[in-house]
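What follows is the residue order along each chain.
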Amino acid sequence: MKKDLFALKGTICYSKNQKELVFAENSYAVCENGLCAGVFSQLPEEYKDIPVKDMGDRLIIPGFTDLHLHAPQYAYRGTGMDLELLDWLNTITFPQEAKYADLSYAKKAYSIFVDDLKHSFTTRACIFATLHRPATELLMDMLEESGLATMVGKVNMDRNGAPELQEKSAQASAQDTRQWLEEIKGRYDHTYPILTPRFTPSCTDELMTELGKIQREYHLPVQSHLSENFGEIAWVKELCPTSRFYGDAYDMFGLFGTKPAFNTNEADFASASGLNTTDNTAAHISSDGASVCPTIMAHCVHSTDEEIQMIKDQGVYVAHCPESNTDIASGIAPVRRYLDMGLHVGLGTDVAGGFSLSMFRAMADAIQVSKLRWRLMDQTQAPVTLEEAFYMATIGGGSFFGKVGSFEKGYEFDAMILDDSNIRHPQEISTRDRLERLVYLSDDRNLVGKYVQGRKVI
Ligand SMILES: [Zn+2]
C-alpha cells in the first residue's frame, strides 16, 4: 500500500498538557496516512526522503474543534443581541430556522456558512442543523465536500416551538430521524451524524424516550444544551417535575454520557439510571455493562453541584461558549472549577448566540470572562490561562472525535499554518507571544494552510 507521507516544517506549537505548551522552532511535523508520526528537530532516517513543505518561520498548530454551533443561525449572526435566551429563541431564532424548509434558501445560506467555516480556524465542529431532514442532508453533503471533519445533527423538537417550526408529534420526529440516519448511511467519510434534541423544553418525554432508543440502536453521540439561563432552568423544573436537576432530565432517558459498568442486574440498573420503565432497558447496557452515550452539553453556566458531579462521573463534555453567554446575558460558566475537577471541556462559538466563527476569538473570550468571574464573583477561582484556553480549543474539544488536537504520535493529523507577519512589531518576541497575539489580533488573513486527517483543505 502506498503511504501518504509528508512533513510540514516551521515553528510548531501544541499542548503538552492543560498547563504547558510545547514550542519547536525549525522542526518537522510528520504526517503518515492521516496520522501524526511525531515532531522532530531533524528528520529521522526513515523519513529523510519524504516531501517536506517548508513554511519558514510560520506557526504550525493543531486544528481547533468548535464543540458547539448552529449552522442555520450563521445567516443572522451579529444581530438581535438585545434579548435573553427564551425571548431570543421565540423572536429571532425560530422564525429564521423555519426558512430552512425551503431547500433553495437552505442552499444559499449553507453555502455561505460552509465556505466561511472552511476558511476559519476550525478543522472540526459539532453542528446543529434544523429539524428539516432534506436541508440537514444538504448541509452534510456540503461539509463533506469542504474537507472538514464534522458531526451534524438534525434537530428534534416536538413542543414549545413556533407554528412554523415544530415537528407534528414525537413519533413523527423519531420517524424522520430514523429516515435521516438510513438515508445517510455509508454516504460520508468524515461527516458524522449526532443525535440532537434541541433542549428539554423542546422535547416531550415521549420524544426523549424514542431518542434514547435511537441512540442505543445506532450507537450515536448526543449533543444538546444545559443550564444556560435562569428562566430556562426554572422552565425545565416545571416541565420535568420528577427530574432532580436539569441534567437529570436527559439522564432519565439515557441521553447523558456514559454510565459506568454495573455489576448488578437490570432492575437495579433501571432504578439507578432513573428509568422507571422496563422498556428496552437491556439494550441500554453494553457487553461490559456500561451504557455508552458520548454526550456534549453546551453552556453549563448555572449547573448545580449534583449536576456537575454527574457530568464528571458520566464523562459528559462541556462546550464552553463564553461569547454567546455574554451576548444573550446568560452568565459566566465556572470553567476554572471544571478544568480543576478534570471535566472534559472544549470551546464553542455557539453561532449565532455568539457572533464570530473564530476559535481564537473563543479563546480570548474564555480568558476574558474568566477574569471578570474572578474579579466580580469568586476570587478563589483563578482566571483561565493562555495554555488552558489553547488546550480547550485543541485537545479539550478534539478528544470528542478521538485522538485529535495534538501533534503527538498517533493523533489524527489536523494542522493549521499561520502567517502572523501582518501583526507587526519592532522588537524581538517569543513564540509564545506570537501565539498570544494571534489569540487577540488574528483574522482570516493569518490562516494560510489547513489540513484535516492529513487532507489538505486550504
Ligand atoms: Zn446552542
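The structure we're discussing is the one just above.
Right, let's walk through the structure included here. All of these numbers come straight from a predicted model, not from anything done at the bench.

Here is what the cut-offs are and how they apply
- Residues numbered from 1 in each chain as written.
- Predicted model: local features only at pLDDT ≥ 70, side-chain atom pairs only at ≥ 80, totals over all residues.
- Heavy atoms only, no water.
- Helix = DSSP H or I, 4+ residues; strand = E, 2+ residues; numbered from the N terminus.
- Buried < 20%, exposed > 50% of the residue type's maximum accessible area, 1.4 Å probe, protein only.
- Contact = heavy atoms within 4.5 Å.
- Donors = N, O, S within 2.8 Å, 3.2 Å for Na, K, Ca; no water.
- Tetrahedral: all angles 85-135°; square planar, octahedral: opposite > 155°, others 65-115°.
- Pairing = 2+ DSSP bridges.
- Axes fitted to C-alpha atoms, helices over the stretch in contact; angles between N-to-C directions.
- Core = buried A, V, L, I, M, F, W, Y, C linked by side-chain atoms within 4.5 Å.
- 1 Å grid on protein atoms, 1.4 Å probe; cavity = no way out; pocket = protein on both sides within 12 Å on 5 of 7 lines; lining within 4 Å.
- Points joined across faces, edges and corners; volume = space filled by probe spheres on them.
- Nonpolar A, V, L, I, M, F, W, Y, C, P; charged D, E, K, R; others polar.
- Polar contact = N/O pair within 3.5 Å; in protein donor to acceptor, adjacent residues only side chain to side chain.

### Structural notes on the side chain of Thr65
Residue placement: Thr65 occurs in strand S5 (residues 64-70). With a relative accessible area of 0%, Thr65 lands in the buried category. Those residues in contact with Thr65 that lie beyond four places of it in its chain are Arg124, Leu347, Met359, Ala393, Thr394, Gly397, Gly398, Phe401 and Val404.

### Here we look at the coordination of the zinc ion
Only His68 (NE2), His70 (NE2), His225 (NE2) and Asp350 (OD) from the protein coordinate the zinc ion, and they sit 2.0 to 2.5 Å from it. With four donor atoms in place around the zinc ion and angles of 85 to 171° between them, the coordination shape is irregular. Positions of the donor residues of the zinc ion along the chain correspond to the pattern H-x1-H-x154-H-x124-D. Of this pair, His68 sits in strand S5 while His225 sits in strand S11 (residues 222-226); the two residues are 157 residues apart in sequence, bridging distant segments of the chain.

### Some remarks on the sheet that holds strand S4 (residues 52-62)
Sheet architecture is open: seven strands sit in the order S3-S2-S1-S4-S15-S16-S17, paired in mixed fashion. In this open sheet, the two edge strands, each paired with only one partner strand, are strand S3 (35-40) and strand S17 (455-456). Bridge analysis of strand S2 (residues 21-32) against S3 gives five bridges, and the strand direction is antiparallel. Among the inter-strand pairings, Glu32 is bridged to a residue of S3, identified as Leu35. Sitting on the sheet, helix H13 (residues 386-398) is in contact with strand S1 (5-15), S2 and S4, with an inclination near 140° to S1.

### A few points about the nonpolar core
One broad trend across soluble globular proteins is that nonpolar side chains are buried collectively. Judged by nonpolar contacts, the single largest core of 110 residues is most densely connected at Phe64, Phe113, Ile127, Leu139 and Met363. Residue contributions to this core peak at seven residues, all from helix H12 (residues 359-376). Once residues lying within four places of it in the same chain are set aside, the contact partners of Leu139 are Ala71, Tyr110, Phe113, Val114, Ile127, Ala129 and Val152.

### Here we look at the sheet that holds strand S9 (residues 191-193)
Read across the sheet, four strands follow the order S5-S6-S7-S9 without closing on themselves; strand pairing throughout is parallel. Single-partner strands in this sheet number two, and they are S5 and S9. Taking the axes of each pair of neighbouring strands and ignoring which way they run, one obtains an average angle of 20° across the sheet. Along the sheet face, helix H2 (residues 103-118) touches S5 and strand S6 (122-128) and points at about 145° away from the line of S6. Sheet contacts for H12: S5 and S6; angle to S5, the most-contacted strand, approximately 85°.

### Considerations on empty space enclosed by the protein
Inspection of the entire model under this criterion finds three cavities of 30 Å³ or more. The volume enclosed by the largest cavity comes to roughly 100 Å³. Per-element tally for the lining of the largest cavity: the top contributor is helix H1 (residues 85-98), with three residues. Classifying every residue of the lining of the largest cavity gives five nonpolar, four polar and three charged. In terms of lining residues, the second largest cavity is bounded by Ala333, Pro334, Val335, Arg336, Ser370, Arg373, Trp374, Asp378, Gln381 and Ala382. At three residues, the largest contribution of residues to the lining of the second largest cavity is made by H12.

### Quick look at the pairing of S2
Taken residue by residue, a regular strand's side chains alternate between the two faces of the sheet. Direction of pairing for S1 relative to S2: antiparallel, over a ladder of ten bridges. Of the residues in S2, the one forming a bridge with Ala7 is Val30. In sequence, S1 turns back onto S2 through a hairpin of five residues. The hairpin turn running from S2 into S3, its antiparallel successor, is two residues long, and Asn33 in that turn takes a positive phi close to 50°.

### Points about the layout of surface pockets
In this structure, the largest pocket occupies an estimated 340 Å³ of space. Surrounding the largest pocket, 20 residues form its lining, Ser356, Ser358, Ser442, Asp443 and Asp444 being those nearest its centre. Of all elements in the fold, only H12 and helix H14 (431-441) reach the threshold of two or more residues within the lining of the largest pocket. With five residues, the top contributor of residues to the lining of the largest pocket is H12. Split into classes, the residues belonging to the lining of the largest pocket amount to nine nonpolar, six polar and five charged.

### Some remarks on the pairing of strand S16 (residues 447-452)
Buried residues dominate S16, accounting for five of its six residues. Bridging between S16 and S17 involves two bridges; their strand directions are antiparallel. In the strand pairing of S17, Tyr451 is matched with Lys456. The hairpin formed by S16 and S17 contains two residues between the paired strands, and Gln453 there has a positive phi angle of roughly 50°.

### Points about the environment of Asp414
Residue position: Asp414 is located in the loop between H13 and strand S15 (415-418). Each C-alpha atom, one on Asp414 and one on Trp374, is 34 Å from the other, the two residues being 40 residues apart in sequence. Within the local environment of Asp414, its side chain forms a polar contact with the side chain of Arg124, the two groups lying 2.5 Å apart.

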